Amino acid sequence: MDIKKSDCEAINIEIVNKVKPNMPEMNILYELSDFFKVMGDSTRIQLLWALEESDMCVGDLAVLLNMTKSAVSHQLKVLKTAKLVRSTKKGKNVYYALNDFHVKTILEKALEHVCE
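Residues numbered from 1 in each chain as written. Predicted model: local features only at pLDDT ≥ 70, side-chain atom pairs only at ≥ 80, totals over all residues. Heavy atoms only, no water.

Caption draft 1: Looking closely at the sheet that holds strand E3 (residues 93-98). On the basis of which strands lie adjacent, the open sheet formed by three strands has the order E1-E3-E2 and antiparallel pairing. Strands at the two margins of the open sheet, each flanked by one partner only, are strand E1 (56-57) and strand E2 (85-90). Bridge count for E1 against E3 is two bridges, and the pairing is antiparallel. Opposite Cys57, over in E3, you have Tyr95 as the bridge partner. (Pairing = 2+ DSSP bridges. Helix = DSSP H or I, 4+ residues; strand = E, 2+ residues; numbered from the N terminus.)

Pasting the structure below:
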């Protein structure tokens, strides 16, 4: 991977040298960027918020959000790929839930931030 070189000199080299070792690896920053891209969709946020309240199947989510089951399934696949939701088969239905407490915490902190 090519690293772009800066076209300027540091004004505060001590600060640059202090911060540099604490910067995450570039591949981690790219993954973080991808995470926020997934979270940056209002439909997916609605799905996550609903699943924060209760495990739900595609049909119930579609009714709740006034969407087609196909559209809900597509967005759930994106969320599952991003490891934000998990699925469990119960009888004939598949139920979705938040993958772990981190997802709930992220949603709660984001809501707290935008409501300030």
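Caption draft 2: Just the nonpolar core, in detail. Leu48, Leu51, Leu61, Leu76, Leu79 and Leu84 are the most contacted members of the largest nonpolar core, which totals 21 residues. Sorting the residues of this core by element identifies helix H2 (26-39), helix H3 (42-53), helix H4 (58-65), helix H5 (69-81), E3 and helix H6 (101-114) as the ones contributing at least two each. (Core = buried A, V, L, I, M, F, W, Y, C linked by side-chain atoms within 4.5 Å. Buried < 20%, exposed > 50% of the residue type's maximum accessible area, 1.4 Å probe, protein only.)

Caption draft 3: Quick peek at H5. Given a rise of 1.5 Å per residue, 13 residues ought to cover 18 Å, and the 18 Å separating the end C-alpha atoms of H5 matches this to within 8%. Along H5, the positions that sit buried rather than exposed are Val72, Gln75, Leu76 and Leu79. Axial view of H5: buried residues confined to an arc of 105°, hence all on one face. Exposed residues lying more than 90 degrees from the buried face of H5 are Ser70, Lys77 and Thr81. Along its buried surface, H5 packs onto H2, H3, H4, E2 and E3. (Expected span 1.5 Å × (residues − 1). Arc of directions from axis to C-beta. Contact = heavy atoms within 4.5 Å.)

Caption draft 4: H4, seen in detail. What H4 keeps buried is the set Val58, Leu61, Ala62 and Leu65. On an axial view of H4, the arc spanned by its buried residues comes to 100°, and they lie on one face. Facing away from the buried surface of H4 by more than 90 degrees, the exposed residues are Val63 and Leu64. Contacts made by the buried residues of H4 are with H3, E1, H5 and E3.

Caption draft 5: Summary view of a nonpolar patch on the surface. On the surface, a cluster of nonpolar side chains totalling about 280 Å² of accessible area is made up of Ile15, Val19 and Met23. As for its placement among the helices and strands, Val19 is situated in helix H1 (residues 13-19). Judged by relative accessible area, which is 41%, Val19 ranks as partly exposed. (Patch = residues over 30% accessible without salt bridge, like charges linked within 9 Å, V, L, I, M, F, W, Y side chains within 5 Å. Areas by Shrake-Rupley, 256 points an atom, 1.4 Å probe, with all protein chains shown as cover. Salt bridge = Lys/Arg side-chain N within 4 Å of Asp/Glu carboxyl O.)

Caption draft 6: Highlighting the pattern of salt bridges. Inspection of every chain in the model, using the stated rule, returns three salt bridges. Two residues, Asp34 and Lys37, come together in a salt bridge whose shortest N-O distance is 3.8 Å. Taken together, the positions of Asp34 and Lys37, both in helix H2 and three residues apart, correspond to about one turn of that helix. Overall, Asp34 belongs to the partly exposed group, its relative accessible area being 43%.

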